[in-house]
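Here is what each chain is made of, one letter per residue.
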Amino acid sequence: MSILTGKPYAAIIGAGRTRFGELWYENPEGMVVKAGLEALESVEKGLHRADIQACYLGSFMYQVTNKLGLVPGYISRELGLNIPMSQTEAACASSSSALHNACLAIRSGMYDVVLVGGFEKMTDRYGKIVDDLMFAADPREFDAGFTFSGLYAAMMARYMYDFGKGDDRCRIALAQIAVKNHQHAVNNPYAQFRSRITVEDVFKSPLIADPVRLLHCSPISDGAVAVVLCKPEIARRYTDDPVYIVASQQATDHVSLYSRTSTVEIKATRLAVGKALREAGIGLKDIRLAEVHDCFTIEECLFMEDSGFYRKGEGWRGIYESIESFQGGKHIPYVGDGWEVFVNVGGGLKADGHPVGATGLRQIYECFKQMRGEAGANQVDVEGGIKYALCHNIGGTGGIANVHILTREVTL
């Protein structure tokens, strides 16, 4: 076991979220208020909203999908606060980028207590959403006829060609990721899909962009998440059980898939994970829980390689062997040489849902609850509890990656 080094950025002292799914009767501002109030009310020793000194928000398509701008003004009205507020847009990584900015602000000493929110309302524009999502891609890719599913289909096809080499187990492994994440969502009361699926269901689902099928894809979703952060030194004023953010790292890369050196590696992931582990002073094997970006199943496989859990090109084989050898239980771990990690225990983007601007904070919410033993029927079974959890959130096809590492054990 490595020894944690460095001062934590912030302590998480409260968290709240809405259910994810088709929330036809909810508006974005109302969802933020629900998640925010739940986050404030979850602080055991009490926290008044007037204690909040600043607010950081993440949303990708608020202006496009709702024809509204000036997000801070609307949220100020809804929350009844006139504090500094800023909105971050980084596609799927919008709210994890907002969290990154909040962490930097607290570490700088500017604020003691901040609220971080992420939200998206997507289902109102079902007919237009395919075009809307291409704001996270290069315009030339749009002009060439790509959809977002098409871009990931190109990545998946290249991966299967380079590393699967005709072995049908590679194709099965990429379907098994969806099967695993749907199983993980069965006991998650907030998840959009709480139904089990099989590998055969994935292969029989409609073809979206060869070889990507419908059940390889995360859904179009509505939802919001909020977390309350404070300066680590004052966390126990608010709770006896804070969770600390000990690494907050970000890396970027070309937005366009065609201009990168590789279509089967997310360089930003590799860089951000490496920096986060060094900052936390731990090794990859110390991570027992990971919330990973799985907008399409190939992305979860790429993370397992880009992070270093599996060697490049061998992720599909490790996933296949982990799932084939699984002996039962609520959650299916990935295993390797001397390590075991539970990935996307809430269902991931695939089954919990993917309201784009809320996704990064949803990962933080899941780890916060799991580390405190508050996940109810979906609590992951790790002997001695989870000491370190990692959250990985990318924007687009990898133009940005944010990685946060959480722990309950720090020396202040």
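As a reminder, the structure under discussion sits directly above these lines.
Note that the structure is a prediction, hence the values are computed from the model and not measured. (Residues numbered from 1 in each chain as written. Predicted model: local features only at pLDDT ≥ 70, side-chain atom pairs only at ≥ 80, totals over all residues. Heavy atoms only, no water.)

## Observations concerning the nonpolar core
One broad rule of soluble globular proteins: the nonpolar side chains tend to lie buried together.
And step 1. Grouped together as the largest cluster of nonpolar side chains are 108 residues, with contacts concentrated most on Val-228, Ile-287, Ile-298, Met-304, Tyr-334, Val-341 and Ile-405.
And step 2. With residues near it in sequence (within four places) discarded, Ile-287 still touches Leu-277, Ile-282, Phe-309, Glu-340, Val-341, Tyr-388, Ala-389, Leu-390 and Ile-405.
And step 3. By size, the runner-up hydrophobic cluster in this structure holds 37 residues, among which are Ala-15, Ala-105, Ile-364 and Val-382. (Core = buried A, V, L, I, M, F, W, Y, C linked by side-chain atoms within 4.5 Å. Buried < 20%, exposed > 50% of the residue type's maximum accessible area, 1.4 Å probe, protein only. Contact = heavy atoms within 4.5 Å.)

## Comments concerning helix H11 (residues 297-306)
And step 1. Counting buried residues in H11 gives 10 out of 10 residues, a clear majority hidden from the surface.
And step 2. Every buried residue belonging to H11 is among Thr-297, Ile-298, Glu-299, Glu-300, Cys-301, Leu-302, Phe-303, Met-304, Glu-305 and Asp-306, and all of these are buried.
And step 3. Backbone geometry just after H11 places Gly-308 at a positive phi near 110°. (Helix = DSSP H or I, 4+ residues; strand = E, 2+ residues; numbered from the N terminus.)

## Thoughts on the packing of aromatic side chains
And step 1. Going through the model one piece at a time under the given rule, you end up with nine aromatic pairs.
And step 2. Summarising the aromatic geometry, the rings of Tyr-62 and Phe-119 are spaced 5.3 Å apart at their centres and angled 85° between planes, so their arrangement reads as edge-to-face. Here the residue Tyr-62 occupies a position in helix H2 (residues 62-66), and Phe-119 occupies one in strand E4 (residues 113-121), the gap between them amounting to 57 residues. Each member of the pair, Tyr-62 as well as Phe-119, is classed as buried.
And step 3. Clustering of aromatic rings is evident, with ring pairs tying together Phe-303, Phe-309, Tyr-310 and Trp-339.
And step 4. Its guanidinium or amino end placed over the ring of Tyr-365, Arg-17 lies 5.8 Å from that ring's centre, counting from NZ or CZ.
And step 5. Taking the ring centre of Phe-203 as reference, the NZ or CZ of Arg-171 above it sits at 4.0 Å. (Phe/Tyr/Trp six-rings, centres within 6.5 Å; stacked < 30°, edge-to-face > 60°. Lys NZ or Arg CZ within 6 Å of the ring centre and 35° of its normal.)

## Quick notes on the layout of surface pockets
And step 1. Volume-wise, the largest pocket comes out at about 590 Å³.
And step 2. Along its surface, the largest pocket is lined by 26 residues, and Ser-149, Cys-217, Ser-218, Pro-219 and Ile-220 are the ones closest to its centre.
And step 3. Only helix H5 (129-133) and helix H7 (148-164) provide two or more residues apiece to the lining of the largest pocket.
And step 4. When residues in the lining of the largest pocket are grouped by element, the largest group, three residues, is from H5. (1 Å grid on protein atoms, 1.4 Å probe; cavity = no way out; pocket = protein on both sides within 12 Å on 5 of 7 lines; lining within 4 Å. Points joined across faces, edges and corners; volume = space filled by probe spheres on them.)

## Digging into helix H12 (residues 315-324)
And step 1. Of all 10 residues in H12, seven are buried, a share of seventy percent or more.
And step 2. Taken residue by residue, H12 has Gly-315, Trp-316, Gly-318, Ile-319, Tyr-320, Ser-322 and Ile-323 as its buried positions.
And step 3. Looking at the buried side of H12, the elements it contacts are H7, helix H8 (168-185), H11 and strand E10 (333-336).

## Observations regarding the sheet that holds strand E7 (residues 222-230)
And step 1. Spatially, the 11 strands line up as an open sheet ordered E3-E2-E4-E7-E1-E8-E13-E12-E9-E11-E10, and their pairing is mixed. Strands at the two margins of the open sheet, each flanked by one partner only, are strand E3 (85-88) and E10. Each neighbouring strand pair of the sheet contributes to a mean axis angle of 25°, computed without reference to strand direction.
And step 2. The strands touched by helix H3 (residues 71-79) within the sheet are strand E2 (54-58), E3 and E4, with E3 carrying the most contacts at an inclination of about 130°.
And step 3. Against the sheet, helix H14 (residues 359-371) touches strand E1 (10-17), E4, E7, strand E8 (243-252), strand E9 (289-291), strand E12 (388-395) and strand E13 (400-407), its axis set at about 170° to E12. (Pairing = 2+ DSSP bridges. Axes fitted to C-alpha atoms, helices over the stretch in contact; angles between N-to-C directions.)

## Here's the deal with the pairing of E1
And step 1. Across the eight residues of E1, eight count as buried, placing the element largely inside the fold.
And step 2. The sheet contact formed by E1 and E8 spans three bridges and is antiparallel. When the sheet's bridge partners are listed, Ala-11 is paired in E8 with Tyr-244.
And step 3. Pairing analysis gives six bridges linking E1 to E7, with the strands arranged antiparallel.

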